[in-house]
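Report on the structure
As a plain string of letters, each chain reads:
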Amino acid sequence: MGGMRPYEISEGIIFPLSTQQRLDRKVTIRNIIARSRDNAGRLQIEFEVNSYLAGQGINEMRMSTVEELIAQMQKQMKLFTLLLGTMGSISLIVGDIGVMNVMLVSVTERTKEIGIRRALGAREGDILFQFLVESVILCIVGGVMGVFFGIYPARQVARLSPILALRSD
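Residues numbered from 1 in each chain as written. Predicted model: local features only at pLDDT ≥ 70, side-chain atom pairs only at ≥ 80, totals over all residues. Heavy atoms only, no water.

Some remarks on the packing of helix α4 (residues 111-119) against helix α5 (residues 124-158)
Look at α4 against α5: their axes get within 10 Å of each other, and the N-to-C directions meet at 145°. The two elements α4 and α5 meet at a crossing, and its hand is right-handed. Judged by residue contacts, E113, I114, R117 and R118 of α4 engage E124, D126, I127, Q130 and F131 from α5. Class assignment of the residues belonging to the contact of α4 with α5 gives a composition of three nonpolar, one polar and five charged. (Axes fitted to C-alpha atoms, helices over the stretch in contact; angles between N-to-C directions. Helix = DSSP H or I, 4+ residues; strand = E, 2+ residues; numbered from the N terminus. Left-handed = near helix turned anticlockwise from the far one by under 90°. Contact = heavy atoms within 4.5 Å. Nonpolar A, V, L, I, M, F, W, Y, C, P; charged D, E, K, R; others polar.)

With respect to the packing of aromatic side chains
The relation between two aromatic rings is expressed through the spacing of the ring centres and the mutual angle of the planes. Enumeration over the complete set of coordinates arrives at one aromatic pair. Considering the side-chain rings of F148 and F149, the 5.3 Å spacing of their centres and the 75° angle between planes classify their relative orientation as edge-to-face. On the accessibility criterion, F148 (57% relative accessible area) is exposed. By relative accessible area, which is 57% here, F149 ends up exposed. (Phe/Tyr/Trp six-rings, centres within 6.5 Å; stacked < 30°, edge-to-face > 60°. Buried < 20%, exposed > 50% of the residue type's maximum accessible area, 1.4 Å probe, protein only.)

Section: the side chain of Q130
In this fold, Q130 is placed in helix α5. Under the relative-accessibility criterion, Q130 is labelled buried at 16%. Within the structure, the side chain of Q130 is placed 3.5 Å from the side chain of E113, a separation counted as a polar contact. (Polar contact = N/O pair within 3.5 Å; in protein donor to acceptor, adjacent residues only side chain to side chain.)

Let's talk about α5
The terminal C-alpha atoms of α5 lie 50 Å apart, and with 35 residues this matches the ideal 51 Å at 1.5 Å per residue to within 8%. The largest bend along α5 measures about 30° and falls at I151, with the proline P153 one to four residues further on. Along α5, the residues classified as buried are I127, Q130, F131 and S135. Tucked into the core, α5 has its buried residues touching α3 (66-109) and α4. (Expected span 1.5 Å × (residues − 1). Bend = angle between axes of the 7 residues up to and from the residue.)

Details of the packing of α3 against α5
It is at 11 Å that the axes of α3 and α5 come closest, and there the two elements cross at 140°. The orientation of α3 with respect to α5, classified from their angle, is oblique. Where α3 crosses over α5, the handedness of that crossing is right-handed. Seen from α3, the contacting residues are V99, V102, M103, S106 and V107; seen from α5, they are F131, E134, S135, L138 and C139. In the contact of α3 with α5, the residues fall into seven nonpolar, two polar and one charged. (Parallel < 35°, antiparallel > 145°, perpendicular 65-115°, else oblique.)

Digging into the pattern of salt bridges
Under the defined criterion, the tally for this structure stands at three salt bridges. Residue R110 pairs with E134 through a salt bridge whose shortest N-O separation is 2.7 Å. Of the two residues, R110 is situated in the loop between α3 and α4 and E134 in helix α5; the sequence distance between them amounts to 24 residues. With a closest N to O distance of 3.5 Å, R123 and D126 form a salt bridge. A single salt-bridge network, built from bridges that share partners, covers R110, E113 and E134. (Salt bridge = Lys/Arg side-chain N within 4 Å of Asp/Glu carboxyl O.)

What about the nonpolar core?
Ranked by size, the top nonpolar core spans six residues in total: V99, M103, I114, A122, I127 and F131. Those elements giving two or more residues to this core turn out to be α3 and α5. Among all residues touching V99, those that are not within four sequence positions of it are S135, L138 and C139. (Core = buried A, V, L, I, M, F, W, Y, C linked by side-chain atoms within 4.5 Å.)

Structure representation (structure tokens):
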């Protein structure tokens, strides 16, 4: 299965229905791909195909159009995007908690330093600014490392051959 075709290329052949009927009436048909020569509407085409197949003794069938397949693929892509967004959000929250824990440990270990600075006249805002700058630097370093570790998969996908990309399912 792949792309817009409901069959595996190596497991089937495509030929007109009339040809199949001349060859063997007992062959099982699993998929029919129909194409309209004129600009008939979907309902008109579906009616004609159903009428023809009913005349051949085939009553059970499911019809789908290219538009329906595209809509289904777009729905799947939206779901995939939502899933990736959720995973990314969770990762950001975990990273934020990590930064908070590192900063809490830093504050705990530097309590005497903070006390000395306050005793020498440092204001609350000065201490706050110091730790906010340290937090920002920690986040920037983490972000740069994230960009660095993102280079490998980005380069791999950028170098991917179009033939290999289209062949994989």
